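Fold and geometry: a report
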Amino acid sequence: MNFQRPFRLAIVAAITITASAVAAQAPPSHLGPVTAVNIGGITITDSKSNTPITVTVPGTAKVLVVAPGSTDLKSATPGSLADVAIGDKALVTGTAGDTGDSLTAVRVILMKGTAIAQSHQAEEAAWAQGVGGIVKSAESGSGAVVISSGGKSITVSTTPHTIVRHYSGDSVRFEDAVLSKLSDIKPGDQVRVRGAKSADGSSITADEIVAGSFHNYSGLIASIDGSAKTITLKDLATKKTVAVTITANSDIHRIPAQMATMLAARMKSTPAAVAPGAAPATPGAARPGGAYSGQRAGADLSQMLSRLPTETLGGLKVGDAVMVVATSPVADSTKSNAVTVLAGVDAILTASPTGEMTLSPWSVGSGAPDMSGGPQ
């Protein structure tokens, strides 16, 4: 999702300023990416209003360059207008111009686009080397979380410096995850962890944890309400009828029949026919049938999700076999919001009639939470 659009991963560290800089009498300021550089000024797109702001940068303006992740100006280095390039991120403070979309800068705090890209790559690599899975237990007293990942248990150790975030609502975009506490993580939550793994992979000391409370449903679509943007299905695992709302943040895909058949064959540990030009299954990937095969195939499917053809609510039909990742229903309601809907999974559900194979909102086992957009 662009935890399941595959996992597009981007971390743009926030430019933050001290409380004194945001006091009630603070001068006008705008934060956003640089979209143009001109003689004597720049143009940025304000991150809040999404409108272009024309900024005049006189020679007297102070330009400071900071590294991604900086929370103060102690390590800032002096710069000039010549250092600004399209794609950089700037926080401009100054005096209002003649119109609401103009500003004369007194100070420009600059984060270089190249440094942001390098930070993205480093963060992506760190998440990819981490672990992900379903929470089996969480002890806030000891700071330990035990997760199930790929059929094995992994102990996650935390420290006072571990960052904990939790998704809320119907979004798994990283910028929508809020700072949280270890005590907010509950059994059944899905988590991603970055940190230092033990040599045997049975434990990891977490630098950061991102968690979410999601439900997995699978079955045949029983009805579609286009005006209410909802689908209903009888969940194979619980045998209950559930209603799922499709929102603007829902990610809908359809898996090609051949790919679904190959994954189903992997779950059953039987060879799948490979069409000409198609990549054969990884040697040794097929395992004896059962929960592990379902979890492994589910992880594989989650990782390839973003590369699958997109679908729309209008393209779904009654009788379609679907797998759904959805948010937890709100109080006194049976409805939840869809995070991911995957159609065309007839062969997969035939191989797993009890619904043991599930999707994750991010790539369990590899990859990272969706951080497209990143913290702004």
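These figures come from a predicted structure and were not determined experimentally.

Conventions and cut-offs
- Residue numbers run consecutively from 1 along every chain, following the written order of its sequence.
- Two thresholds apply to this predicted model, a pLDDT of at least 70 for residue-level local features and 80 or more for giving and counting side-chain atom pairs, whereas whole-chain, interface and lining totals are computed over all residues.
- Side-chain figures throughout are based on the complete set of non-hydrogen atoms in the structure, without hydrogens or water.
- Where helices and strands are cited, they refer to DSSP runs of H or I of at least four residues and of E of at least two residues respectively, numbered from the N terminus.
- Exposure classes here rest on a 1.4 Å probe applied to the protein chains alone. A residue is buried below 20% of its type maximum, exposed above 50%, and partly exposed in between.
- Residue exposure ignores everything except the shown protein chains as possible cover, and the areas themselves are Shrake-Rupley values with a 1.4 Å probe.
- Working definition of a nonpolar core: buried Ala, Val, Leu, Ile, Met, Phe, Trp, Tyr and Cys residues. They are joined through side-chain atoms within 4.5 Å.
- Here the aromatic set is Phe, Tyr and Trp, taking the six-membered ring for Trp, and pairing holds for ring centres within 6.5 Å; pairs whose planes are under 30 degrees apart are stacked, those over 60 apart are edge-to-face, and all others are tilted.
- Counting as a charge over the ring demands two things of the Lys NZ or Arg CZ atom: a distance within 6 Å of the ring centre and an angle within 35 degrees of the ring normal.
- For a helix, the expected span equals 1.5 Å multiplied by the residue count minus one.
- By definition, the arc is the one covered by directions from the helix axis to the C-beta atoms.
- The contact rule is simple, with two residues in contact once any of their heavy atoms fall within 4.5 Å.
- Side-chain atoms alone can form a polar contact between residues adjacent in sequence; in general such a contact is a pair of N or O atoms within 3.5 Å, and within protein one must be able to donate a hydrogen while the other accepts it.
- In what follows, salt bridge is the name for a side-chain nitrogen of Lys or Arg lying within 4 Å of a carboxyl oxygen of Asp or Glu.

To continue, consider the overall build of the chain. Check the secondary structure of the chain and you find four helices and 20 strands. Relative to its 376 residues, the chain shows a buried fraction of 45%. Total accessible area on the chain stands at roughly 17,400 Å², and carbon and sulfur atoms take up 56% of it.

Time to look at the nonpolar core. Grouped together as the largest cluster of nonpolar side chains are 24 residues, with contacts concentrated most on Tyr167, Ile255, Leu308, Met323, Leu342, Val345 and Ile348. Counting residues per element, the ones that place at least two in this core are helix 2 (257–268), strand 19 (321–327), strand 20 (335–343) and helix 4 (346–351). Considering each element in turn, this core owes the most residues, four residues, to helix 2.

This structure, assessed with the given rule, holds zero aromatic pairs. The aromatic ring of Trp127 is capped on one face by Arg194, whose charged end is 5.9 Å from the ring centroid.

We now examine helix 1 (residues 113–128). Between the first and last C-alpha of helix 1 there are 22 Å, a value that for 16 residues agrees with the 22 Å anticipated at 1.5 Å per step. Of the positions making up helix 1, those classed as buried are Ile116, Ser119, His120 and Trp127. Projected onto a plane normal to the axis of helix 1, the buried residues spread over an arc of 105° and lie on a single side. Of the residues in helix 1, the exposed ones pointing more than 90 degrees away from the buried face are Thr114, Gln118, Gln121 and Ala122. On its buried face, helix 1 sits against strand 6 (89–96), strand 7 (102–111), strand 13 (190–197) and strand 14 (203–212).

For the rest of this paragraph, the subject is the side chain of Ser250. Looking at the secondary structure, you find Ser250 in the loop between strand 17 (241–245) and strand 18 (251–254). Assessed through its relative accessible area of 13%, Ser250 is described here as buried. Within the structure, the side chain of Ser250 is placed 2.9 Å from the backbone nitrogen of Thr247, a separation counted as a polar contact. Within the structure, the side chain of Ser250 is placed 2.6 Å from the backbone oxygen of Ala338, a separation counted as a polar contact. Non-local contacts of Ser250, meaning those with residues more than four positions away in its chain, are made with Thr245, Ala338 and Val339.

Here the idea is simple: oppositely charged side chains can pair when their charged atoms come close. Going through the model one piece at a time under the given rule, you end up with six salt bridges. Across the salt bridge formed by Lys112 and Asp88, the nearest N and O atoms sit 2.8 Å from each other. In this pair, Lys112 is assigned in the loop between strand 7 and helix 1 and Asp88 in the loop between strand 5 (77–79) and strand 6, connecting sequence segments 24 residues apart. Overall, Lys112 belongs to the partly exposed group, its relative accessible area being 22%. Among the salt bridges present, the one from Asp320 reaches Arg254, with a minimum N-O distance of 3.1 Å. In this pair, Asp320 sits in the loop between helix 3 (291–304) and strand 19 while Arg254 sits in strand 18, placing the two residues 66 residues apart along the sequence. Overall, Asp320 belongs to the buried group, its relative accessible area being 15%. Salt bridges here are not isolated pairs; linked through shared partners, they connect Arg165, Arg194 and Glu208.

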